Amino acid sequence: VQLVESGGGVVQAGGSLRLSCPVSERTFSNSAVAWFRLAPGKEREFVSAITWGGGNTYYADSVKDRFTISRDNAEKKVFLQMDSLKPEDTAVYYCASRLTFTQATIKSYRHYTYWGQGTQVTVSS
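Residues numbered from 1 in each chain as written. Predicted model: local features only at pLDDT ≥ 70, side-chain atom pairs only at ≥ 80, totals over all residues. Heavy atoms only, no water.

**Considerations on unusual backbone geometry**
Reasoning step 1: Residues other than glycine seldom take positive phi values, yet Lys76 does so here, at roughly 55°.
Reasoning step 2: Within the fold, Lys76 resides in the loop between strand S7 (67-72) and strand S8 (77-82). (Helix = DSSP H or I, 4+ residues; strand = E, 2+ residues; numbered from the N terminus.)

Structural data, given as structure tokens:
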């Protein structure tokens with residue numbers, strides 16, 4: 001199953017972008033969907049996650065209060081609204097999903113099964 005992200009681009013610092021990810025048909029009430037990012041020279045980093053059934057959300061400290069994750073159950077899509085973007089947010093952003101989750105591992109990329117190809121986000125200063 002291949003997820004397909006969209007919405008990346010180039011924006012000035014302080015600007016906004018909205019990423020979108022149609023999730024797999026294998027997304028159920030116990031599933032979770034997350035966004036990770038990978039910047040040059042850095043390790044893959046957790047950004048945000050949402051549980052499909054309860055809609056509980058999780059954020060990395062670096063994006064809290066600037067990014068908002070949401071889902072549309074009917075359209076089976078997950079969104080990442082990114083506001084007040086900073087140059088350090090520049091990275092390739094990946095959408096990932098998993099059939100079941102635990103709170104202990106929801107931020108761990110190793111526990112996600114399905115991945116997108118990534119979308120580039122570039123924030124200029």
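**Here we look at the pairing of strand S5 (residues 45-51)**
Reasoning step 1: Across the seven residues of S5, six count as buried, placing the element largely inside the fold.
Reasoning step 2: In the sheet, strand S4 (residues 32-38) pairs with S5 via six bridges, with the strands oriented antiparallel. Within the sheet, the bridge partner assigned to Phe36 lies in S5 and is Phe46.
Reasoning step 3: If you look at the hairpin formed by S4 and S5, you'll find six residues sitting between the two strands, and Gly41 has a positive phi there, around 80°. (Buried < 20%, exposed > 50% of the residue type's maximum accessible area, 1.4 Å probe, protein only. Pairing = 2+ DSSP bridges.)

**Let's talk about the state of the cysteines**
Reasoning step 1: Scanning all chains against the criterion turns up one disulfide.
Reasoning step 2: The disulfide partner of Cys21 is Cys95, and the gap between their sulfur atoms is 2.1 Å. Because the sign of the S-S torsion sets the handedness, a value of about -80° for the bond joining Cys21 and Cys95 places this disulfide among the left-handed ones. Residue Cys21 is found in strand S3 (residues 17-22), and its partner Cys95 is found in strand S9 (residues 91-98); the two are separated by 74 residues along the sequence.
Reasoning step 3: Residue classification places Cys21 among the buried positions, given a relative accessible area of 0%.
Reasoning step 4: Residue classification places Cys95 among the buried residues on the basis of a relative accessible area of 0%. (Disulfide = S-S within 2.5 Å.)

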